[in-house]
Amino acid sequence: MYNEFHLDKIDLRKQPPQEEPARQYYFMAKCQEWIKAFKQKNGRLPKACVTTFGCQMNARDSEKLAGILESVGYEIIEEENADFVIYNTCTVRDNANQKVYGRLGVLNGYKKKNPHMKIALCGCMMQEPAVIEKIKASYPFVDLIFGTHNIFKFAELLTTLLESRGMVIDVWEDTNRIVEDLPVERKYAFKSGINIMFGCNNFCSYCIVPYVRGRERSRSPKDIISEIKRLVADGVVEVMLLGQNVNSYGKNLKEPITFARLLREIEKIEGLRRIRFMTSHPKDLSDELIQVMKDSKKICRHLHLPLQSGSTRILEAMNRRYTKEQYLELAARIRKEIPDIAITTDIIVGFPGETPEDVEETIDVIKQVKYDNAFTFIYSKRTGTPAAAMEQVPEAVVKAGFDKVLKTVQNTAREQVARYQGSVCEVLVEESNENDASLMTGRMSNNTLVHFPGDADLVGRLVMVSLDECHGFYYMGHMVTNIS
Ligand code: 5AD
Ligand code: SF4
């Protein structure tokens, strides 16, 4: 639909339209004029860099930011020594915040040498009032700040920034708006993330996401399907459906629909080869979803099912709304119905009140479920969440528990990943290997990485690879036949 907008044809003498996304296209046209003037004056196009912190949702948001910057004429580069740098921030754990503060110092050094340089900050961290105060007080060289709810307004904010002096701040507390059809600059030609919903209603007691991303809002199935069709026509073969809790997709729509039904509709899209999704909250995972995954030829054999803790007592304090036994039963049911599935998880160690016995419960679940991979995090206290007011666990106790959990995860993962040694598997080729240019890197349906000798023109193709040697989390192999 955004093809209907031609920036050159927009009449800038008129007032900006009120409706979206037309309003943003008007401001993109304005930015484009500014860029033309910049080029005339400086003999070059301005350069922009988008840096992403955090999750896949943020990565997708960054593609939208880059899409707008590119449409208006910026040259997109990877280096932060640019004329416009935007940090799309994360605040799920405090170390993400600290990283941003540290790197802002470096950006200030660049800015002192480049009079054109503008610095922008957006994303989850900007939804915290204390962060805004700190930036105003200690990082006055930042030019633009906005949050997660008004990212669709980026073109408008960029115009304000280019036309004014001083810090521009626009952070909304919440929104129920979803603006469709803005430009996107994809990182990969052959795969793409798709937002199917925004926000979270679960309020796990340690988690800041519901406060910074707002309440759950689902996109309409029609918009999702037409976006995927457009992507497939543009060469995409794999999509990753994104939401904080995809299992509650569709509940708040005027015509409610389940996530499983949405998957059935997406499966029908011709030319689409692989469907992935994340994240699934165990409390909402339905039998209908298991059945759809089982029947599907396109849904990948991978389920990310965050455990967080294996102790029912801690799960209750975390407000996760399942017990250890319920989780184990669910995992067993999934493994029984879909034996070749890989299950991965997130685990937090050091939640307030957690004892070494609770950690043993977590280790027991890891051993029983046999995860293919697990992201293990040390609990991070987030101001404003209920867990921040609870009694914290001493650092040394947390560290000991963390090391033990990590070791267990590594052992089960090594065993699980090695299950396919010697077999031939379909792999989507993603890129040339970073360390050895003669090798290509691809991903199995179950998300395991495979490296094998091949040429760069295989990128984006599905090929059959013999899995010769398992090296912990990945395989070395060789290509058998080319299937697409
Ligand atoms: N501390 C540590 N880990 C956290 N996560 C969310 N909030 C916190 C926190 N306060 C982890 C959870 C979640 C993942 C995305 O981040 O495991 O699943
Ligand atoms: Fe955070 Fe829980 Fe929502 Fe996930 S489900 S984003 S952990 S509150």
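These figures come from a predicted structure and were not determined experimentally.

How each quantity is defined
- Each chain has its residues counted from 1, running along the sequence as written.
- Here the convention is simple: chains get letters from A, ligands get numbers from 1, in the order in which they are written.
- The predicted nature of this model means local features are confined to residues of pLDDT at least 70 and side-chain atom pairs, given and counted, to a pLDDT of 80 or more, with totals for whole chains, interfaces and linings taken over all residues.
- Working from all heavy atoms in the structure, the side-chain values ignore hydrogens and water.
- Secondary structure elements are taken from DSSP: a helix is a run of H or I of four residues or more, a strand is a run of E of two residues or more, and numbering for both begins at the N terminus.
- As a reference, a globule follows 2.2 Å times the number of residues to the power 0.38, and the radius of gyration itself is taken over C-alpha atoms.
- Between buried and exposed lies partly exposed: a residue is buried under 20% and exposed over 50% of the maximum accessible area for its type, with that area taken using a 1.4 Å probe on protein chains only.
- Between two residues, a contact is recorded if the distance between any of their heavy atoms is within 4.5 Å.
- Computed with a 1.4 Å probe, the accessible areas rest on the Shrake-Rupley method; for each residue, only the protein chains presented here act as cover.
- The charged-residue count follows a simple rule in which Lys and Arg add positive charge and Asp and Glu add negative charge, with His and chain termini not counted at all.
- Where a charge lies is defined by one atom per residue type: Lys uses NZ, Arg uses CZ, Asp uses CG and Glu uses CD.
- Proximity is defined per residue: if any heavy atom of the residue lies within 4 Å of a molecule or strand, that residue is considered near it.
- The term polar contact refers here to a pair of N or O atoms within 3.5 Å; inside protein, the definition further demands a hydrogen-donor-capable atom paired with an acceptor-capable atom, and it admits residues adjacent in sequence only when both atoms are side-chain atoms.
- Under the scheme applied here, ten amino acids are nonpolar (Ala, Val, Leu, Ile, Met, Phe, Trp, Tyr, Cys and Pro), four are charged (Asp, Glu, Lys and Arg), and all others, including Gly, are polar.
- Here, two cysteine sulfur atoms that lie within 2.5 Å of each other are counted as a disulfide.
- Criterion used throughout: strands pair if DSSP finds at least two bridges between them.
- Simply put, an axis is a line fit to the C-alpha atoms, just over the touching stretch for a helix, and the angle between two N-to-C directions goes from 0 to 180 degrees.
- Paired rings are identified among Phe, Tyr and Trp, the last through its six-membered ring, by centres lying within 6.5 Å, and are further divided according to the angle between planes into stacked (under 30 degrees), edge-to-face (over 60) and tilted (the rest).
- Two conditions define a charge located above a ring, namely a distance within 6 Å from the ring centre to NZ of Lys or CZ of Arg, and an angle within 35 degrees of the ring normal.
- Only buried residues count toward a nonpolar core. Its members are Ala, Val, Leu, Ile, Met, Phe, Trp, Tyr and Cys residues joined through side-chain atoms within 4.5 Å.
- Starting at the helix axis, one direction is taken to each C-beta atom, and the arc is that of these directions.

What to know about the overall build of the chain
Consideration 1: A tally of helices and strands in the chain yields 13 helices and 19 strands.
Consideration 2: For the chain, the C-alpha radius of gyration of 23 Å lies close to 23 Å, the compact-globule estimate for 484 residues.
Consideration 3: Taken along its principal axes, the extent of the C-alpha atoms in the chain is 65 × 55 × 50 Å.
Consideration 4: Buried residues in the chain amount to 55% of all 484 residues.
Consideration 5: Excluding contacts between residues fewer than 6 apart, the proportion of contacts in the chain whose partners are at least 24 apart in sequence is 72%.
Consideration 6: Accessible area of the chain: about 21900 Å², with a carbon and sulfur share of 51%.
Consideration 7: A distance of 3 Å separates the average location of the 65 positive side-chain charges in the chain from that of its 65 negative side-chain charges.

Considerations on the site of ligand 1
Consideration 1: With respect to spatial proximity, the complete set of residues near ligand 1 consists of Val92, Arg93, Tyr206, Gln308, Asp346, Ile348, Phe377, Ile378, Tyr379, Ser380 and Arg382.
Consideration 2: Here an oxygen atom of ligand 1 sits 2.9 Å away from a polar atom, N or O, in the side chain of Arg93.
Consideration 3: Gln308 places a side-chain nitrogen or oxygen 2.6 Å from an oxygen atom of ligand 1.
Consideration 4: Within the residue set of the shell around ligand 1, elements represented by two or more residues are β13 (342–349) and β14 (373–378).
Consideration 5: Across the shell around ligand 1, the residue classes break down as six nonpolar, two polar and three charged.

Brief notes about the state of the cysteines
In protein structure, a disulfide is the covalent linkage between the sulfur atoms of two cysteines.
Consideration 1: One pass over the structure, following the stated rule, counts zero disulfides.
Consideration 2: Lacking any disulfide linkage, Cys122 is separated from the closest cysteine sulfur, that of Cys124, by 9.3 Å.

Here we look at the side chain of Gln127
Consideration 1: Mapped onto the elements, Gln127 comes out in the loop between β4 (118–123) and α4 (129–138).
Consideration 2: Taking relative accessible area as the criterion, Gln127 reaches 10% and is therefore assigned buried.
Consideration 3: Polar contacts involving the side chain of Gln127 include one to the main-chain carbonyl oxygen of Trp172, which spans 2.8 Å.
Consideration 4: Here Gln127 is in contact with Gly147, Thr148, His149, Val171, Trp172, Glu173 and Val212, once residues within four sequence places are set aside.

Considerations on the pairing of strand β17 (residues 449–453)
Walk down a regular strand and you will see the side chains alternate between the two sheet faces.
Consideration 1: Where strand β16 (residues 439–444) meets β17, five bridges bridge the pair, whose relative direction is antiparallel. Across the sheet, the residue bridging to Gly442 is Val450, located in β17.
Consideration 2: The hairpin formed by β16 and β17 contains four residues between the paired strands, and Asn447 there has a positive phi angle of roughly 85°.

Remarks on the sheet that holds β13
Consideration 1: The parallel open sheet is built from three strands, whose spatial order is β12-β13-β14. With one partner strand each, in any of the chains shown, β12 (302–304) and β14 form the two edges of the open sheet. Taking each pair of neighbouring strands and ignoring which way they run, the sheet shows an average axis angle of 15°.
Consideration 2: Taken together, the three bridges between β12 and β13 define a ladder with parallel strand orientation. Bridging across to β13, Leu303 finds its partner in Ile343.
Consideration 3: Helix α13 (residues 395–417) rests against β13 and β14 of the sheet, and its axis sits at about 175° to β14.

A short note on the packing of aromatic side chains
Centre-to-centre distance and the angle between the planes together describe a pair of aromatic rings.
Consideration 1: What the rule picks out here adds up to 15 aromatic pairs.
Consideration 2: Between Tyr74 and Phe84, the ring centres sit 6.0 Å apart and the planes meet at 40°, which makes this aromatic pair tilted. Residue Tyr74 is located in the loop between α2 (56–72) and β2 (75–76), and its partner Phe84 is located in strand β3 (residues 84–89); the two are separated by 10 residues in the primary sequence.
Consideration 3: The exposure class of Phe84 is buried, given its relative accessible area of 0%.
Consideration 4: Residues Tyr206 and Phe351 carry aromatic rings whose centres are separated by 6.3 Å and whose planes lie at 85° to one another, so their mutual orientation is edge-to-face. Here the residue Tyr206 occupies a position in the loop between β8 (197–198) and α6 (209–213), and Phe351 occupies one in the loop between β13 and α12 (356–369), the gap between them amounting to 145 residues.
Consideration 5: Given a relative accessible area of 0%, Phe351 falls into the buried group.
Consideration 6: One aromatic cluster is present, formed by Tyr74, Phe84, Phe146 and Phe154 through successive ring pairs.
Consideration 7: Over the ring of Phe377 we find Arg93, and its NZ or CZ is 3.7 Å from the ring centre.

Examining the nonpolar core
Consideration 1: Counting residues in hydrophobic clusters, the biggest one holds 66 residues, and the most contacted among them are Ile228, Leu241, Phe259, Ile266 and Phe277.
Consideration 2: Apart from the residues within four sequence positions on either side, Ile228 is in contact with Ile194, Val239, Leu241, Ile266, Ile269 and Leu272.

Description of unusual backbone geometry
Consideration 1: Each neighbour pair has its own omega, and for Glu20 with Pro21 the value is 5°, a cis peptide bond.
Consideration 2: By secondary structure assignment, the location of Pro21 is in the segment before α1 (22–42).
Consideration 3: Positive phi is not limited to glycine here, since Asn319 has a value of about 60°.
Consideration 4: By secondary structure assignment, the location of Asn319 is in the loop between α10 (312–317) and α11 (324–337).
Consideration 5: Accessibility expressed as a relative area gives 28% for Asn319, which makes it partly exposed.
Consideration 6: Look at Asn447: it is not a glycine, yet its phi comes out positive at around 85°.
Consideration 7: By relative accessible area, Asn447 is classed as partly exposed at 26%.

Details of helix α9 (residues 287–295)
Consideration 1: Those residues of α9 that sit buried are Leu289, Ile290, Val292 and Met293. All buried residues of α9 project into a common sector of 165° when viewed along the axis, lining one side.
Consideration 2: As for α9, its buried residues are in contact with α8 (259–267), β11 (274–278), β12 and α11.

Notes on the sheet that holds strand β7 (residues 191–195)
Consideration 1: With respect to topology, three strands assemble into an open sheet ordered β7-β10-β11, the strand pairing being parallel. With partners counted over all chains shown, the strands left at the sheet margins are β7 and β11, one partner each. Within this sheet the neighbouring strands show an average axis-to-axis angle of 20°, counted without direction.
Consideration 2: Across five bridges, the pairing between β7 and strand β10 (residues 238–242) is parallel. Directly across from Gly193, in β10, lies its bridge partner Met240.
Consideration 3: α2 contacts β7, β10 and β11 of the sheet and is inclined by roughly 100° relative to β7.

Note that every value here comes from positions in space, so none of it alone points to a role or purpose.
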